[in-house]
Amino acid sequence: MRIGLIAMSGVRVRNPALAALGVTLPQFVNRGEVIASLPSLGLLTVAALTPDAAEVCYREMSEHDPDAALEPFDLVGISSFTAQMNEAYALADRYRAAGTKVVLGGLHVTLMPDEAALHADAIVLYGAEGAWPRLVEDFGRGALRPRYEGLRTGVFEPPNYVKPRFDLLAGRPYNRITVQTSRGCPLDCEFCAASIRLTSSFQQKSVERVLDEIRTAREVTEHPFFELADDNTFVNKKWGKELLRGLAPLGLRWFTETDISIADDDELLDLLADSGCGQVLIGFESPEAADLAGIDPTGWKQKRSGQYLESIDKIQSRGVTVNGCFILGLDHHTPEIFQQVKDFVDRSRLLEVQVTVLTPFPGTPLHRRLAREGRLIAGHGPDRCTLFDVTFRPQGMRVDELEAGMEWLFREIYNENEFNQRKRHYMEIVKKKM
Amino acid sequence: MQELEPSLRSLLTNLSGKDLSGVDRDEDLVELLGMDSLAGLRMLAMIEKAYSVRFRDDRLHSYRTLRQILAVIEPEEEEE
């Protein structure tokens, strides 16, 4: 049996003005290239869950060419983010028309199962653990069922845990490798369409397993740069310190996503720097506390916003850069937000900045609320959920104001001069530390 | 060979953990050492501090070889 696992990869921007602008802005392009070069850890995990008797082929598809010949497989599994889902569906439809059974899975499929089922012989909801081995077995005896539910808890415990098939990345042109240490995030932000939607509670892998995966992944490519595919790595500080102590002797360079609370713990910050962490990505969402009302159920981010500047400085002074994320179009945002974000970025001296537009991904609490309020824009469906295209009517400004403001802000923060200033700031921090 | 070249090779060897004594002056160090963009900047920062020089901010991405770096830390030699 030959199984093809196909990941739809890359970044999409539908707004032509923004797309044209994006390719000219150095820091925007840099991050876009990084994201596009990340492998699908989900499919590498699916590959590891596949019985040994089957041959697994891992493929990445940056765009779907409807005229390209289909690689022959007995069974095809496709995973895609929301913005590329229509391309995934088109590919699935072609395989099915050619007589090949298709399985769809991943975040979007979990959130929109009925829609996905129209384009698949079977869909997998939640994690592949607990579902995929059964599915392959059913397929082998010609008894594929239309829907499989994977595990939402215990995914990192035996017998469910498998080590992703990093060996399938051998010969790939990129050196970025993802390793997951956790699924979910206790903050539960309204807009989040990440791994929290796959789990019933925060799941964390043992440090021993994480280190074992990293050692295995290092055998695949020279000088790998690791991205931890987590949504919030340092929820548990004790576990985090254990991980960092384990990483330090490996001489890695790595990146992860976390929250601002790491700045409360000096020991953790020192360990972070010693472990080779180059950057942490933190969702600040908005510089003003008032804008953060309702973002997460407990108001955690709103309570923390007063310490943003001090916290960024504490982290960056260790030589660990902060990639600060901001979301435009929150309910309290007015057209003043663009200048406010620019001012905050200047004051904070963030070494990298990620600005996106509020995006109601189908299946999220935010999507349900905006649908109730009649604020979703008709015709702006999942393929516009790129994080850069506006798909809803903001409360404090018009859609065109949001689009124009975002374009202005992109020019302000992603231009060559700003990029160079950030690089210089980083070098001065390094020199100060020496 | 320029006067500072041996010490530069030694500094970069210590920094990277790889013996760079025999590396060609035109070898791309970023590629050779598998440095990400931040690691590249760390290298430049360390060189700046060690030799009391300053690389041009608008050309930080272009200092990738021993020759390019030597041209900054020992400019008069490079012009010969």
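In this text the structure is predicted, and so the values were computed from the model without any measurement.

Colleague: I'm lost on the interface of chain A and chain B in this one. Help?
Modeller: If you look at the interface, chain A gives 17 residues, while chain B gives 21 residues. Here chain A meets chain B over a buried area of about 1,700 Å², counting both sides, of which 60% is carbon and sulfur. Contact with chain B buries surface across chain A, with His223, Arg424 and Met427 of chain A losing the most and accounting together for 33% of the total. At the junction of chain A with chain B, the criterion picks out four salt bridges. Residue Arg424 of chain A is joined to Asp57 of chain B by a salt bridge in which the shortest nitrogen-to-oxygen separation is 2.7 Å. For the side of chain A that touches chain B, the secondary structure elements donating two or more residues are strand 12 (277-285) and helix 16 (416-433) of chain A. Residue composition of the side of chain A that touches chain B, by class: five nonpolar, six polar and six charged.

Colleague: Could you clarify how one ought to interpret helix 3 (residues 37-51) of chain B in this entry?
Modeller: Note on helix geometry: an α-helix contains 3.6 residues per turn, so any two residues three or four positions apart are oriented the same way. The first and last C-alpha atoms of helix 3 of chain B sit 21 Å apart over 15 residues, in line with the 21 Å expected at 1.5 Å per residue. Taking burial as the measure, the 15 residues of helix 3 of chain B include 11 buried ones, the bulk of the element. Along helix 3 of chain B, the residues classified as buried are Leu38, Ala39, Gly40, Leu41, Met43, Leu44, Ala45, Met46, Ile47, Glu48 and Tyr51 of chain B. Looking at the packing, one finds that the buried side of helix 3 of chain B touches strand 11 (253-258), strand 12, strand 13 (321-328) and helix 16 of chain A together with helix 1 (5-16) and helix 4 (66-73) of chain B. If you check the start of helix 3 of chain B, you find a side-chain oxygen 3.0 Å away from the backbone N of Leu38 of chain B, and it comes from Asp36 of chain B. Positive phi shows up at Ser52 of chain B, right after helix 3 of chain B, with a value of about 50°.

Reading the values: the criteria
- Within every chain, residues take consecutive numbers counted from 1 along the sequence as written.
- In the order they appear in the text, chains get letters beginning with A and ligands get numbers beginning with 1.
- For a predicted model such as this one, the threshold for reporting local features is a pLDDT of at least 70, and the threshold for listing and counting side-chain atom pairs is 80 or more; totals across whole chains, interfaces and linings nevertheless cover every residue.
- For the side-chain quantities, the full set of heavy atoms in the structure was used; hydrogens and water were omitted.
- Whether two residues touch is decided by their heavy atoms; if any such pair falls within 4.5 Å, the residues are in contact.
- Summed over both partners, the accessible surface that disappears when two parts come together, traced with a 1.4 Å probe, is what is meant by buried area.
- Each reported salt bridge corresponds to a side-chain nitrogen of Lys or Arg within 4 Å of a carboxyl oxygen of Asp or Glu.
- To qualify as a helix, a DSSP run of H or I must reach at least 4 residues; to qualify as a strand, a run of E must reach at least 2; elements of each kind are numbered from the N terminus.
- Under this grouping Gly is polar, as are all residues other than the nonpolar Ala, Val, Leu, Ile, Met, Phe, Trp, Tyr, Cys and Pro and the charged Asp, Glu, Lys and Arg.
- Multiplying one less than the number of residues by 1.5 Å gives the expected span of a helix.
- Only protein chains enter the accessibility calculation, which uses a 1.4 Å probe; a residue is then buried when its area is under 20% of its type maximum, exposed when over 50%, and partly exposed in between.
- Polar contact criterion, stated in full: a pair of N or O atoms within 3.5 Å, where within protein one must be able to donate a hydrogen and the other to accept it, and residues adjacent in sequence count only if both atoms are side-chain atoms.

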